[in-house]
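Topology and contacts: notes
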Amino acid sequence: MSNYKRGETAPRDLPCEHGSGWCSDTPSRQSAHCTPRKQEQAGPGMAGIRVTEVDWLSQKNGAAHHTQEYPGPELVVRRGQAFTLVLELNRPLEDQETVIFTVETGPQASEDRHTKAVFQVSEPETGKNWTVVEEAQMENTVTVSITSPPNTAIGRYLMSTRVSSRRKQNDRKLGEFILLFNPWCPEDDVFLDSEEERQEYVLSDSGIIFRGVEKHIRAQGWNYGQFEEDILNICLSILDRSPLHQNDPATDVSHRHDPIYVSRVISAMVNSNNDRGVVQGQWQGKYGGGTSPLHWSGSVAILHKWFKGRFKPVKYGQCWVFAGVMCTVLRCLGIATRVVSNFNSAHDTDRNLSVDKYVDSFGRTLEDLTEDSMWNFHVWNESWFARQDLGPSYNGWQVLDATPQEESEGVFRCGPASVTAIREGDVHLAHDGPFVFAEVNADYITWLWHEDESWERVYSDTKKIGRCISTKAVGSDSRVDITGLYKYPEGSRKERQVYRKAVRKLFSVEASGRRTRLRRAGGRGLWREDLLEPATKPNITGKFKMLEPPRLGHDLSLALCLANLTSRAQKVRVNLSAATILYTRRPVAEILRKSHSVRLGPEEEKQIPITISYSQYKEDLTEDKKILLAAMCFVTKGEKLLVEKDITLEDFITIKVLGPAVVGVDVVVKVMVVNPLLEKVEDCVLMVEGSGLLQGQLSINVPTLEPQERASVQFNITPTKSGPRQLQVDLVSPHFPDIKGFVIIHVATAK
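This write-up is about the structure you can find in this document.

Parameters at a glance
- Residues numbered from 1 in each chain as written.
- Predicted model: local features only at pLDDT ≥ 70, side-chain atom pairs only at ≥ 80, totals over all residues.
- Heavy atoms only, no water.
- Pairing = 2+ DSSP bridges.
- Helix = DSSP H or I, 4+ residues; strand = E, 2+ residues; numbered from the N terminus.
- Axes fitted to C-alpha atoms, helices over the stretch in contact; angles between N-to-C directions.
- Left-handed = near helix turned anticlockwise from the far one by under 90°.
- Contact = heavy atoms within 4.5 Å.
- 1 Å grid on protein atoms, 1.4 Å probe; cavity = no way out; pocket = protein on both sides within 12 Å on 5 of 7 lines; lining within 4 Å.
- Points joined across faces, edges and corners; volume = space filled by probe spheres on them.
- Nonpolar A, V, L, I, M, F, W, Y, C, P; charged D, E, K, R; others polar.
- Expected span 1.5 Å × (residues − 1).
- Buried < 20%, exposed > 50% of the residue type's maximum accessible area, 1.4 Å probe, protein only.
- Arc of directions from axis to C-beta.
- Core = buried A, V, L, I, M, F, W, Y, C linked by side-chain atoms within 4.5 Å.
- Patch = residues over 30% accessible without salt bridge, like charges linked within 9 Å, V, L, I, M, F, W, Y side chains within 5 Å.
- Areas by Shrake-Rupley, 256 points an atom, 1.4 Å probe, with all protein chains shown as cover.
- Salt bridge = Lys/Arg side-chain N within 4 Å of Asp/Glu carboxyl O.
- Lys, Arg positive; Asp, Glu negative; His and termini not counted.
- Charge placed at Lys NZ, Arg CZ, Asp CG, Glu CD.

Quick look at the sheet that holds strand 34 (residues 626–635) now. Sheet architecture is open: four strands sit in the order 32-31-34-35, paired in antiparallel fashion. Of all strands in the sheet, those bounded by a partner on one side alone are strand 32 (587–600) and strand 35 (640–648). On average, each strand axis in the sheet is tilted by 15 degrees relative to the strand beside it, whichever way the strands run. Here strand 31 (residues 570–581) pairs with strand 34 via 10 bridges, running antiparallel. Bridged to S577 within strand 34 is A630.

This is the structure we're talking about:
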């Protein structure tokens, strides 16, 4: 990071008398024998003047602008901050002559649209216009410092110059440079006031995405790779491929000063639903003709494939893939962005702030009746910027979601929605507040469907939605729970006030006492106000308990624990079912159905043991490795209780780096894998990836593994970048779902 404050002039590198090198005008940086050359006066009547060469000082500007990681070849700088150029002229400037600069971006660039600027050497001034200040003039060279306004449109710019003189002359094209958002600039809407957070949310090229279930959250490494070859160019192409740009390019480019506009465009373009966007979603568990969402370890391969395939959507993605790719694109463009996981995430299709689930007498979801859903987890992004459209109290983190769930103004996209607005129940504010509010606040309501087509409410945990909202900690691999940023404590007075406010804003309905419900009558899209009575709380409790950790390839051993809360005996009929599911909780195949009758004495507790053998689930287990258990309990007096448990099967992989990691020096990595199955497996492959550690992906064939055999695989990597680097390893097999692991390697600079 530069030590020079905004408006302060950094040291200048000037031509030196000794050879063709450069030396500094800062005394402490000058070598003893170096003094800048004296300026020669130009004589009258000299030939026409022009710029013959430009030095973009990429290294110096890159360090000052935190853009040195971009591989080039163009200069990459950030808006609202000065950058330095050295111009070589065919002769020295005369007193009356000055260099005039033109910068322009996009087609039909114009000063009216603020996509073109013409400016010349002036006194330093801050504000609305591009400025250029002459820092030094030595013989035929001029060193200038150029500053763009902090609200300039981002993108690729063409710079031209001409010299004001008596002779008419054309502009000379100097070349192109790229201008990005600037979280280091206090006047930029994307300004973030913490250097630690800027390092994490703008410059870190790897991260962690949390997946799994609320009670068993798993960390998955993700390679954002925003500084990899061609990625910046591809990110700018995403903006150019959007329908808004294709329909009216000049207007679209003029809006690229605004992070609200840019992030909303990216949210639509990362999915392929309304355009030839980057990733095609698939939630059916069938991935023929493409790559399973669980095989991806990062964004780089996806973005390269989209670009090289002439913008054909890449198959396939699910929520964490969309979020990983969007994080890459927004960090690359200079907007601080993080990935956020919400456990038990509501998809409220009818916007009534409840997820209505219809089940049969075994607790199995009736797919044809259930339109809403509660996903085990859902992953989206948050980006940090000001909301000029809403006012300063809504500045800060904004929810953006590229997963195509519902249309927003006719396009599959979501956000930006202010996290503060969600917490305060201001769901009427732009953009997509009601959908995000429901994702973390909806009630989970279960309805038992009878054969005579009547239904009744069943007692279940209504408050299970929006739990353990998680993101990676700044500067470490820890999980941070940010649920408190989205809502007040469940059941608190403030939470109830916010809920009533949200209902009022959504439906213009005063909700008093219990939560007012609006439910569709007969599913025909007619709305009716319905003050729902909560289901009667039964006189028994129930929960599932794992007796052994649920391991992939092994039998599952657990129990349903029932407790009688009364001083009289009760009979309970228990209908048990289990199904393999996708992470959206959509059932794939039933693997268990059983009924039990249990007599519970006064205040007695009993356990019903349950075993699910590997042979029962192995054919139908999806790559999500998830099983949903349900127990519908019918008590003597007509009371009903639904108990559910989501299980994620565990697996094992360890990664060790054998020796210190240094830039440019080979180091050995040892990976320990285990065949989780009770049978021999062949054709396993280890896929390895990591920005700054190896080029592209490494694929290593794993020898045949005997039943439950542990085996180690060794390979070399040669780090190319220093600092903390994430290495990801993925054991891919046709016989069981992927087993993933990652390790952070601290790479030292070469001595």
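Attention now goes to the packing of helix 10 (residues 433–441) against helix 12 (residues 493–507). Relative orientation of the contacting elements helix 10 and helix 12 amounts to 145 degrees, with a least axis distance of 12 Å. When you trace helix 10 past helix 12, the crossing you get is left-handed. Packed against helix 10, whose contacting residues are P434, F437 and N441, the element helix 12 presents V498, Y499, A502 and L506 at the interface.

Now for empty space enclosed by the protein. Evaluation of the coordinates by the stated rule reveals four cavities of 30 Å³ or more. Estimates place the volume of the largest cavity at around 60 Å³. Looking at the lining of the largest cavity, the elements with two or more residues in it are helix 2 (195–203), strand 12 (206–213), strand 16 (337–347) and strand 25 (467–472). Sort the elements by how many residues they give to the lining of the largest cavity and strand 12 lands first, with three residues. For the lining of the largest cavity, a count of residues per class yields four nonpolar, three polar and four charged. The computed volume of the second largest cavity comes to approximately 50 Å³. Taken together, I422, R423, F437, N441, Y486, K487, Y488, E495, V498 and Y499 make up the full set of residues lining the second largest cavity. Those elements giving two or more residues to the lining of the second largest cavity turn out to be helix 9 (419–424), helix 10 and helix 12.

This brings us to helix 12. End to end, helix 12 covers 21 Å across 15 residues, agreeing with the expected 21 Å (1.5 Å per residue, within 8%). What helix 12 keeps buried is the set E495, V498, Y499, A502, V503 and L506. End-on view of helix 12: buried residues confined to an arc of 140 degrees, all on one side of the axis.

We now examine the nonpolar core. By size, the foremost hydrophobic cluster in this structure holds 96 residues, and its most contacted members are L232, I266, W320, L333 and Y486. Among the elements that take part in this core, helix 8 (residues 319–333) stands out by supplying 12 residues, more than any other. What L232 contacts, discounting residues up to four positions off in sequence, is Y70, V76, I178, L180, C332 and L333. One finds V574, C633, V671 and L686 within the second-largest nonpolar core, a separate group that totals 59 residues.

This paragraph deals with helix 10. Burial runs high along helix 10: nine of the nine residues are buried. Looking at helix 10, one finds that the buried residues are G433, P434, F435, V436, F437, A438, E439, V440 and N441.

On to a positive patch on the surface. Where like charges cluster on the molecular surface, the positive patch consists of R241, R276, K305 and K312. By secondary structure assignment, the location of K312 is in the loop between helix 7 (300–308) and strand 15 (314–317). Classification of K312 as exposed rests on a relative accessible area of 53%.

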